[in-house]
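Analysis of the macromolecular model
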Amino acid sequence: MQMTGAKILMECLVEQGVDVIFGYPGGTILNVYDELLNYPGIRHYLTAHEQGACHAADGYARATGGVGVCFATSGPGATNLVTGIATAYMDSSPVVCITCNVELPLLGKDSFQEVDITGITMPITKCNYLVRSIEDLADTVREAFAIARSGRPGPVLIDIPKNVTTETAEFEPVSRQKHGMRGHLAQLMKRSSQDFKAPEPDYRDIDKLVEMIRASEKPLLICGGGVVRARADWEFEELANRIDAPVGITVMGAGGFRGLNRLATGLVGMHGSQASNMAVDACDLLIAVGCRFSDRVALNPASFAKNAKVVQIDIDRSEINKNVETVHHIIGDARRVLQLLNERLPQLRHDAWKDYVFSFKTQTEYDEAGDRMTPVQLLDAIARIAPRDSIFATDVGQHQMWAIQHLHFEYSGQLVTSGGFGTMGFGLGAAIGAQVGRPDKLVIHLAGDGSFRMNLNELSTVQYYDLPVITVVFNNGALGMVRQWQTLTCGGRHSQTTLDRGPDFARVAEAYGLAGRRVTRLEDFEQALQEAIACGHGCVIDCAIDIDEMVRPMVGGGSDITEFMID
Amino acid sequence: MSEVTRHTLAVLVDNEAGVLSRVARLFSGKGYNIESLAVGTTHDPAVSRITIEVLADDRQARLIRMQLRKLICVHSVKRLPPERSIRRELVLIKVSAPTHEARNEIIQIANVFRSSIIDVSTGSLTIAVIGDESKAEAIQNLLGEFGILELVRTGIVALERGQYTIDEQTKEKGEFDYGKNVL
């Protein structure tokens, strides 16, 4: 059937089962938005800013495990996506961004709202495309989705010149299972040894690791983002129980292993618990699953786990030995590798080793300082009052670390946070995406006052679509994490980190048509949170906390993992 | 950290716009300096072959190969060790030759190197040399005293010796098992 490019695009999205799009229209993407009106089955969420749309698509992908989709126009619309794309790329989140560009004959002439977005996003996408011919459009969209979701997932961008959206071509629907048999994708599939699936792990590698585990007296597991991405919670827990090994959890791995499990040692790395970091230093075998040993985990790669044989399990071969030298690795999907390991492992016991590790603290104890609420009191109250399966989207900074240290996540996708890229302003957009993807869950957006100010324009999206997202602002009147670094490493000179200025977040919320509360006492917070959950609409609770509260413990960047600057 | 040496990488890629910048970006993004780069189509018009020479230690070179293989536009990547491959580049050198004697002497040097004179004018000679970088360097040194006016090199191209090709599966662990690209 002959169709316009815009219609072909929409038909391809239907093929992929897309029912939610986050986006923002504009001049070049006009025809796509016009065609969107003919697809009532696809819900479009108009955000306040393209960055919010991209974060929402990312949050949707992280919370649901599916692919997030966002639309933006050319030029500034496309560049506004960039931070969102980079955020998704660093955390391996499958997002397909569709931008339109100026008409092909105008390309390269510095036309109005023209930008080389494929050039700009090259380093931050798994792959990107400029669709020059309408003949290629359908197969390009199919390939883009296949690439975004398979292997190690990641964002993909498709840039479509405006004329391609109006031209017509023959379109024939193809079911998703058959996409790999057509066009360029078919060649790609031929080149990779396994079709869309992750490579099947080498059984000899598995057996070797089983032997290493049997020989180990002090094994340690690290639960990384790959466990969350593969939704391998159950398999990971089984492995931990079988080996009877303590488990350190990375920021991206939070939720992959139940935080309240008796084997969990808490966060590992810069703000890792004493138990986690001491275990890394003392273990004789460290098995990292889906963890790339970033500089926030392996602070000093040379001394990291210096007494241990390090084993990496990852789907991406290029991660092996990238940051930390390993003695063994297994390539494959975390879930499959863990299944194979579990099949081959007997029940082991490591009581003495566990006694040693758990003689250290798995959590930081904070003083309850007089009249001010402490972050931990707030988080404990949230854990008490909110349903246990609530989804938490965070921004970046102190509140993020406190939340990951003190909320005990129970399942993959429960925490939506920008771990790799550390994008302030990520949280609200991501919370919107998570709420749209998981309407059955309560979504709580945890923010700092600095992060929240960056993208709080998305409160209009929360209000318009009546999304019951609750924003809890940890308001210390400062860029707390930077201030903490200044306190510890700049001799206490606080340069440009004091936010002794507005706005009044409660009144901002009201201006957006949402309920807003400012609380300074714990009882008031508890009451405000209960009311917010009960009312079922979006709400902002602005909580005053102390400006000098720090994230503890902390190990300085580049230091040995046990060199705590502060306990 | 192991010794930094010159690594020759052969990369088969889609013959499409933007592919070269994707590949080159990977090197600049990771802070590696490309010593030499040559691109051209192959016997299959849909496929181009890029030969890249880069200074790196073994670990870095391995990471580069892994990163290259992740690019969707990359079909295959192979390291060509110097002892098992033939490497050539074409160098064009324009030399100042104002006198009869100079011209004669330059022609003699060119003959010794089995290179050809491809252009002659009253004041200059242009010589085409094919060889690896040591040959190019040697003739460059000899011609230096006459005054090199201009010099251009194509960059090294390389093939593996013997019957093996870039598509050949090898048993080298970490090189070709599990496929070249994890989609």
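See above for the structure.
Residues numbered from 1 in each chain as written. Chains lettered and ligands numbered in written order. Predicted model: local features only at pLDDT ≥ 70, side-chain atom pairs only at ≥ 80, totals over all residues. Heavy atoms only, no water.

**A short note on the sheet that holds strand E4 (residues 74-79) of chain B**
Residues and elements named next belong to chain B. To keep things clear, this is the line we draw: At least two bridges found by DSSP between two strands are what make those strands a pair. Under the scheme used here, helices are H or I runs from DSSP no shorter than 4 residues and strands are E runs no shorter than 2 residues, and both carry numbers assigned from the N terminus. Angles shown run from 0 to 180 degrees and are taken between the N-to-C directions of axes, each axis being a line fitted to C-alpha atoms and, for helices, limited to the stretch in contact.
Reading across from one edge, E2-E3-E1-E4 is the order of the 4 strands in this open sheet, with antiparallel pairing throughout. Among the strands making up the open sheet, the edge pair consists of strand E2 (34-41) and E4. Recorded for the sheet is a direction-independent mean angle of 15° between the axes of neighbouring strands. Note: strand E1 (residues 5-14) against E4, 5 bridges, orientation antiparallel. Note that in E4 the partner of Val13 across the bridge is Val74.

**Points about the layout of surface pockets**
Keep this limit in mind: A cavity here means a set of points on a 1 Å grid, drawn over the protein atoms and nothing else, where a 1.4 Å probe fits but cannot get out; a pocket is an open set with protein on both sides within 12 Å along at least five of seven lines, and a residue lines either one if it has an atom within 4 Å of a point. Grid points are joined across faces, edges and corners, and a volume is the space filled by probe spheres set on the points. The residue classification treats Ala, Val, Leu, Ile, Met, Phe, Trp, Tyr, Cys and Pro as nonpolar and Asp, Glu, Lys and Arg as charged. All others, Gly included, are polar.
Within this model, the second largest pocket holds a volume of roughly 800 Å³. Breaking the lining of the second largest pocket down by element, the ones donating at least two residues are helix H6 (117-120), strand E6 (127-130), helix H7 (134-149) and helix H9 (183-191) of chain A together with helix H1 (19-29) of chain B. When grouped by side-chain class, the residues that make up the lining of the second largest pocket number 12 nonpolar, 9 polar and 10 charged.

**What about H1 of chain B?**
Where we set the bar: A 1.4 Å probe rolled over the protein chains alone gives each residue an accessible area, and that area as a share of the maximum for its type sets the label: buried under 20%, exposed over 50%, partly exposed in between. The arc in question is formed by the directions pointing from the helix axis toward the C-beta atoms. Residues are treated as being in contact if the distance between any of their heavy atoms lies within 4.5 Å.
What H1 of chain B keeps buried is the set Val19, Arg22, Val23, Leu26 and Phe27 of chain B. Taken end-on, H1 of chain B shows its buried residues confined to a sector of 140°, consistent with a single buried face. Exposed residues pointing more than 90 degrees away from the buried face of H1 of chain B are listed as Ser28 and Gly29 of chain B. Packed against the buried residues of H1 of chain B are E6 of chain A together with E1, E2, strand E3 (47-56), helix H2 (58-70) and E4 of chain B. Taken from the residues just after H1 of chain B, Gly31 of chain B is the one with a positive phi, measuring 80°.

**Comments concerning helix H14 (residues 334-344) of chain A**
Inspection of H14 of chain A places Ala334, Val337, Leu338, Leu340, Leu341 and Asn342 of chain A among the buried residues, and these make up the whole buried set. Close packing links the buried residues of H14 of chain A with helix H10 (203-215), helix H11 (225-229), helix H12 (233-243), strand E12 (285-289), strand E13 (309-314) and strand E14 (328-331) of chain A.

**Remarks on the sheet that holds strand E17 (residues 443-448) of chain A**
Residue and element names in this part refer to chain A. Taken in spatial order, the 6 strands of this open sheet run E16-E15-E17-E18-E20-E19, and their pairing is parallel. Looking at the sheet topology across the chains shown, the edges are occupied by strand E16 (415-416) and strand E19 (515-519). Two strands pair when backbone bridges link them, and strand E15 (residues 391-394) and E16 are joined in this way by 2 bridges, in the parallel orientation. Within E16, the residue paired with Ala393 across the bridge is Val416. Contacts from helix H17 (residues 398-406) reach E15, E16, E17 and strand E18 (470-475) within the one sheet, and its direction differs from that of E17 by about 135°.

**Concerning the packing of H12 of chain A against H14 of chain A**
Residues and elements named next belong to chain A. We count it as follows: Two helices that cross are described as forming a left-handed crossing if the nearer one is turned anticlockwise from the farther one by less than a right angle, and a right-handed crossing if clockwise.
Contact geometry of H12 with H14 gives a least axis separation of 9 Å together with a crossing angle of 35°. In the packing of H12 onto H14, the handedness of the crossing is left-handed. Across from Glu235, Phe236, Glu238, Leu239 and Arg242 in H12, the residues of H14 making contact are Arg335, Leu338, Gln339, Leu341 and Asn342. In the contact of H12 with H14, the residues fall into 4 nonpolar, 2 polar and 4 charged.

**Thoughts on the pairing of strand E5 (residues 85-96) of chain B**
All names here are of chain B. Here E5 runs beside strand E9 (residues 157-160); their pairing, made up of 4 bridges, is antiparallel. Following the sheet pairing, Ile86 is matched in E9 by Leu159. Sheet topology note: the E5/strand E7 (residues 124-131) ladder contains 8 bridges and is antiparallel. Looking at the pairing, Glu89 lines up with Gly131 of E7. Direction of pairing for E5 relative to strand E8 (residues 148-153): antiparallel, over a ladder of 5 bridges.

Without other data, these values stay purely geometric and don't point to any function.
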